[in-house]
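Here is how the chains run, residue by residue.
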Amino acid sequence: MRSKIRGLALVLVASAAVSAFFLKRTSSANSGKDQPSIDTPEVFSPAHPTILESVKDFFGWRKTPVQPIAFTHKIHIEHQVACTTCHKGVNSGPVAGLPSDKLCMRCHAFFAKDRPEIIKLTAIFNAGLDVSWQRVYGFSPSAHVKFNHAPHIRAGVDCSNCHGDVKNMTVAVRAVNLNMGYCLSCHRAKGVSTDCVTCHF
Amino acid sequence: MERRDFLKVTVLTGATAALSGCEKPAQQLVRFVPEQDLVPGVAVWKPSLCTLCSAGCGLTVRVMEGEAEVVRKGQLGLIKMGLAKKLEGNPDHPINQGKLCARGQAGLQLTYHPDRVRGPLKRSGPRGSGNFQQITWEEALGEVVSKLQELRSQKQAGALRFLIGRLRGQRRELIEEFLKTVGSSPAMVFDPLDEPVLRQANLLSFGRATMPSFDLAHANYVISFGADFLGTWNSPVAQSIAYGEMRQGHPGSRGKLVQVEQRMSQTGANADEWVPVRPGMDGVLALGLAHVILKEKLRPTRENGETLIAGWQQGLPDYSPEAVEKTAGVAAKRIERLAREMAAHTPAVAMIGGAPLAQTNGLFSALAVNALNALLGSVGTPGGMFFTPRPPHAEHEWGGFAAASDFAGQFLAGKLDDTHVLLLYNANPVFATPAAWKVRDSLERIPFIVSFGSFVDETSAFADLILPDHSPLESWLDDIPESGTTQAVVSLAAPAMLPLHDTRAMPDVLLQIAHQLGGDAVKSLPWQSFDEMLQASISSLRTAETSPPVDPEKFWAKVQEQGGWWSEKMRSDAKQTIASVAFGGSASKQPAFKQPAFRQHGKPESALPQFDGAEHEFPFHFHPYVSQAFLDGALAHLPWMQEMPDALSTVMWGTWIEINPKTAAKLGIEQGDLVEVRSQHGKLQAPALVSPGIAPDVIAMPFGQGHENFSRYASGRGANPMTILAPLQVAETGSLAWAATRVDISKVGRGKLALFAGGLRERPSELEHR
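Residues numbered from 1 in each chain as written. Chains lettered and ligands numbered in written order. Predicted model: local features only at pLDDT ≥ 70, side-chain atom pairs only at ≥ 80, totals over all residues.

Concerning the overall build of chain A
Now for step 1: When helices and strands are tallied, chain A shows 10 helices and 0 strands.
Now for step 2: In chain A, which comprises 201 residues, the proportion classed as buried is 12%.
Now for step 3: Relative to all contacts within chain A whose residues are 6 or more apart in sequence, the contacts with residues 24 or more apart total 65%. (Helix = DSSP H or I, 4+ residues; strand = E, 2+ residues; numbered from the N terminus. Buried ≥ 20, exposed ≤ 12 C-beta atoms within 10 Å, placed from the backbone. Contact = placed C-beta atoms within 7 Å.)

Let's talk about the pairing of strand 6 (residues 160-164) of chain B
Residue and element names in this part refer to chain B.
Now for step 1: Within strand 6, 5 of the 5 residues are buried, leaving the element largely enclosed by the surrounding structure.
Now for step 2: Neither face of strand 6 is exposed, since Leu160, Phe162 and Ile164 on one face and Arg161 and Leu163 on the opposite face are all buried.
Now for step 3: In this structure, strand 6 lies alongside strand 16 (residues 421-425), joined through 5 bridges in parallel fashion. Note that in strand 16 the partner of Arg161 across the bridge is Leu422.
Now for step 4: Both strand 6 and strand 7 (residues 188-189) contribute to a ladder of 2 bridges, which runs parallel. What sits directly across from Leu163, in strand 7, is Met188.
Now for step 5: Read as a crossover between parallel neighbours, the route from strand 6 over helix 7 (residues 170-181) to strand 7 is right-handed. (Pairing = 2+ DSSP bridges. Right-handed = clockwise from strand over helix to strand, strands pointing away.)

Quick look at the sheet that holds strand 1 (residues 44-49) of chain B
Residue and element names in this part refer to chain B.
Now for step 1: Pairing is antiparallel across the open sheet formed by 3 strands, whose spatial order is 1-2-3. Strands with a single pairing partner mark the edges of an open sheet, and in this sheet they are strand 1 and strand 3 (75-89). Adjacent strand axes in the sheet meet at a mean angle of 45°, parallel and antiparallel pairs treated alike.
Now for step 2: Looking at chain direction, strand 1 and strand 2 (residues 58-72) are connected through 6 bridges and run antiparallel. For Trp45, the partnering residue across the bridge sits in strand 2 and is Arg62. (Axes fitted to C-alpha atoms, helices over the stretch in contact; angles between N-to-C directions.)

Here we look at the domain arrangement of chain B
Residue and element names in this part refer to chain B.
Now for step 1: The domain architecture assigned to chain B consists of domain 1 (3-116 + 479-504 + 535-566), domain 2 (121-193 + 394-466), domain 3 (213-386) and domain 4 (620-768).
Now for step 2: Listed by partner, the interface residues are 8 residues for domain 1 and 10 residues for domain 4.
Now for step 3: A per-class count over the side of domain 1 that touches domain 4 returns 4 nonpolar, 2 polar and 2 charged. (Domains from an automatic or database assignment. Nonpolar A, V, L, I, M, F, W, Y, C, P; charged D, E, K, R; others polar.)

Considerations on the domain arrangement of chain A
Residues and elements named next belong to chain A.
Now for step 1: We note that the domain assignment places domain 1 (1-29 + 37-61) and domain 2 (63-98 + 133-201) within chain A.
Now for step 2: On the domain 2 side, the residues contacting the 4 residues of domain 1 number 5 residues.
Now for step 3: Of the residues contributing to the side of domain 1 that touches domain 2, the split by class is 1 nonpolar, 2 polar and 1 charged.

Details of the environment of Arg172 of chain B
Now for step 1: With respect to the helices, strands and loops of the structure, Arg172 of chain B is situated in helix 7.
Now for step 2: C-alpha of Arg172 of chain B to C-alpha of Asp479 of chain B: the two residues are 307 residues apart in sequence and 9.5 Å apart in space.

Describing the confidence of the model for chain A
Now for step 1: Here chain A shows a mean pLDDT of 79. Residues at 70 or above account for 77%.
Now for step 2: Taken as a whole, residues 20-41 of chain A scores under 50 in pLDDT and shows 16 contacts with residues more than four places along the chain or in a different chain. (pLDDT = per-residue confidence, 0-100.)

Quick notes on the packing of helix 5 (residues 101-108) of chain A against helix 6 (residues 116-126) of chain A
Residue and element names in this part refer to chain A.
Now for step 1: At a closest axis distance of 10 Å, the pairing of helix 5 and helix 6 adopts a crossing angle of 125°. The orientation of helix 5 with respect to helix 6, classified from their angle, is oblique. Crossing angle aside, the handedness with which helix 5 passes helix 6 is left-handed. From helix 5, Asp101, Cys104, Met105 and His108 reach across to helix 6, where they touch Ile118, Leu121, Ile124 and Phe125. (Parallel < 35°, antiparallel > 145°, perpendicular 65-115°, else oblique. Left-handed = near helix turned anticlockwise from the far one by under 90°.)

Considerations on the packing of helix 11 (residues 282-295) of chain B against helix 12 (residues 321-328) of chain B
Between two packed helices, the angle of one axis relative to the other and the distance separating the axes together describe the packing.
Residues and elements named next belong to chain B.
Now for step 1: Helix 12 packs onto helix 11 with a crossing angle of 165° between their chain directions and a minimal axis gap of 9 Å. The angle between helix 11 and helix 12 places the two elements in the roughly antiparallel class. As helix 11 packs across helix 12, the resulting crossing turns out to be left-handed. Contact residues: helix 11 offers Val284, Leu285, Gly288 and Val292, while helix 12 offers Pro321, Val324, Thr327 and Ala328.

Remarks on the sheet that holds strand 14 (residues 348-352) of chain B
Residue and element names in this part refer to chain B.
Now for step 1: If you walk across this open sheet you meet the 4 strands as 11-10-9-14, and the pairing is parallel. Looking along the sheet, the strands with just one partner apiece sit at the ends: strand 11 (273-275) and strand 14. With direction set aside, neighbouring strand axes in the sheet form an average angle of 15°.
Now for step 2: The strands touched by helix 14 (residues 362-375) are strand 9 (221-225) and strand 14; relative to strand 14, the strand with the most contacts, the crossing angle is about 170°.

Overview of the environment of Cys196 of chain A
Now for step 1: Positionally, Cys196 of chain A belongs in helix 10 (residues 196-199).
Now for step 2: Taking C-alpha positions, Cys196 of chain A is 49 Å from Lys113 of chain A, a pair spaced 83 residues apart along the chain.

So, the confidence of the model for chain B
Reading fine detail from the predicted coordinates is not recommended where pLDDT is low.
Now for step 1: For chain B, the average pLDDT comes to 84, and 86% of its residues sit at 70 or higher.
Now for step 2: Scoring of the predicted complex yields 0.84 for pTM and 0.72 for ipTM.

Observations regarding helix 17 (residues 506-517) of chain B
Residue and element names in this part refer to chain B.
Now for step 1: Along its 12 residues, helix 17 runs 16 Å from first to last C-alpha, staying within 8% of the 16 Å computed at 1.5 Å per residue.
Now for step 2: What helix 17 keeps buried is the set Met506, Pro507, Asp508, Val509, Leu510, Leu511, Ile513 and Ala514.
Now for step 3: Gly518, located one to two residues past helix 17, shows a positive phi value of around 75°. (Expected span 1.5 Å × (residues − 1).)

Quick look at helix 6 (residues 137-153) of chain B
All names here are of chain B.
Now for step 1: Between the first and last C-alpha of helix 6 there are 24 Å, a value that for 17 residues agrees with the 24 Å anticipated at 1.5 Å per step.
Now for step 2: Where helix 6 is concerned, the buried positions are Ala140, Val144, Leu148 and Leu151. All buried residues of helix 6 lie within an arc of 60° about the axis, which places them on one face of the element. Those residues of helix 6 that are exposed and aimed more than 90 degrees away from the buried face are Glu138, Glu139, Ser146 and Ser153.
Now for step 3: Lining the buried residues of helix 6 we find strand 6, strand 16, strand 17 (448-451), strand 18 (465-466) and helix 17.
Now for step 4: Looking one or two residues beyond helix 6, the residue adopting positive phi is Lys155, at roughly 55°. (Arc of directions from axis to C-beta.)

Some remarks on the nonpolar core
One recurring pattern in soluble globular proteins: nonpolar side chains tend to sit buried together.
Residues and elements named next belong to chain B.
Now for step 1: The biggest cluster of nonpolar side chains holds 231 residues, and the ones touching the most others in it are Ile657 and Ile699.
Now for step 2: Here this core gets 10 residues from one element, more than from any other, and that element is helix 14.
Now for step 3: Sequence-distant contacts of Ile699, defined by excluding residues within four places in its chain, comprise Phe620, Phe622, His623, Ile657, Ile659, Val677, Val743 and Ile745. (Core = buried A, V, L, I, M, F, W, Y, C linked by C-beta atoms within 7 Å.)

In structure tokens, the structure reads:
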């Protein structure tokens, strides 16, 4: 029974993806030619750009993000830097912020200046730009999930519950597959709301 | 958001923006520090101003931390900063009271437009080609300063002219002060949306060259001669709010709206009665109404023992309903009924705007409507017309009327020939004047042109240098709205976000040039940056309504927090305000309705309009009108506005001409056919929209499209009605009579018409039942 539903869902996803594929083609045909663009779609759409993408999303396969600077969490945590020093707003707002390189340079103007990654960082800073960090976690737009960090932190959920053993990671990797089952198991165990609109809206 | 946090944000952005004028570009990029001010994912709202039309509405801007795609030192990348995400009306602002029109919403795209000028440019191709190369601010400013020094050493300071668009408040003061210190004449103003004819009429009738305000909320009867006051005219958001109050705010009574025009506007579509009058006959119709009121003694004709309007003692014998029916084309019975209705349902108010003022007899029509208002007893009374009071620190008004005719005079008389340096700000006369004015040729002859524009348009394509201004959301702004409220208002706003590109605020650049020139300029413009000047100008209002005066720093913070200063006293006693500011500007001097002015201008011989083109050769009146989306065309580069379906026709991404179904049938023209419109001065082509809301002998077309060179979205799209207009002027004002051209039309093929709806009528069968 379960595999039947899964099969049906796969057909539905595939057909949606086919239409999305054609939509994508028409929108890219008249995209701006003279303006350089960073990898963002021309028109916002929650649809998957290709069939392959939708299949990957369905099974939770993701590319490992390649960060512009090989930031190592391990060394920073060993030097007693707290998570919230860089990921501001995680205990007060919906999003765990990513630091601007100004924050990095508060220390790295003085420390470890000769390391190759810090030289890269300094070059970006001197150009007046920020590091374009790549997303490691996050939900597919088609899932319509609005996650809010602050209540989880207030409830005493440790960062490592959802993000794995970051203190032993160099570049952050997706250690936990944050699918709906994962969220629900914890919500049920703690006896908190499992209503649809708690997360999907 | 806590007040304390707000101040922190403002102080931080204010301080950094203040530095931007004088520092090297690299140092301008003082980063918004998200760790201290913005919680990622949480929005804050900051006040700002809308600069897109003359209304001067207040905004609140939703600002959130985000990543912007920018170019720094030739390198494309991201920066993390507080970004404006959404615009809404400022709920505390007296003009728009939290509401905002569609154009205002699209103001956000001025900041993120892909074709914004991102840094100073120097012309590299021939003039008008739009080819520019990047230079640095130091090179650009050096060039401007050396040109000005050259003029000064040759004692030719008068050879510097400044051409600006609509501009009020301290930016205007700064420009005028700058021109004065370098010994040049005052700025020339070019604003096609301004109504210089109405200003002149108000000056003659009431002693004030100001746009009128209307207390629509308390009116029972409104007759509007061509003024699209719910769509584009004067202060549309304020007027729409008041109109809603008039219709639904008083249980048991619903004010009546009568719209007099040739082509149904959005206001016409809302009216209870639509009166199609012959073009240019609005004043005659107004006097016909007055004739009935006088004849049937429906209103008192004497006030305090004096005749209300001199010359009307005989009861306007030339304007009997039968005579008016012949000239204006409105049935005598209808004129009598309308006159009796409005006299019985006071407060009744009449307004005039748009096409009637752009006829050669526009001044006559405006004076006739002013006189009708006086007869109805609705000048300076609740439910009538009045003038919005000026704030106490800025009694002086920059005259719109004199300046507008000055512009025409300068160009037409070739007086710009001795101009060596022309500075340009927010004006696009190449696009918005008839070809016969030869603005292009005049610009060609000026040796050195500097534009402060954020976009390359038809006029700044002639510039030798472009020194791009910040977008409004990145700038210190102030404004003194002219109309739409009983309160004196000064709007003021700090930048809502830091600049995205290598731009500098125009006022800061002017201050810097003044300081580099040295001498008197430094003495009269001592400020390092524009916000210092703003603070200095507004601080006198500390004492205006509170005693003892507020602490200066606290006052400055409060003004920034609420988005300006407005009189609380005048809000609490609107009735008193309306009465006291009706005439002449203060309660003590009320010159009343100036009778001689009407006697001189209101003669029957000046009543009839003249048109360009013989009737047998050019059988149709050409009726261009202000576009809901683009106004005069200055907003055609905003893709949201291109995408927005016109409220009545639902056309998007193009122009069209409106034609009556009977006329269309006679000429064999169907909806969507490409039609050629010819006048004595040129021709254009546009698809036909067959519309029942237009008189059979009138062809209508919106302004705004037909740009040659104005961003990727507007260039080469549609046609510009300006190109075929006759250079006729409104008598005694010098203003362009843009509704006085006659045309002929013919079908040339099949055109493209993008309609959002299927057509004006959802079901064709509806027509068959009529």
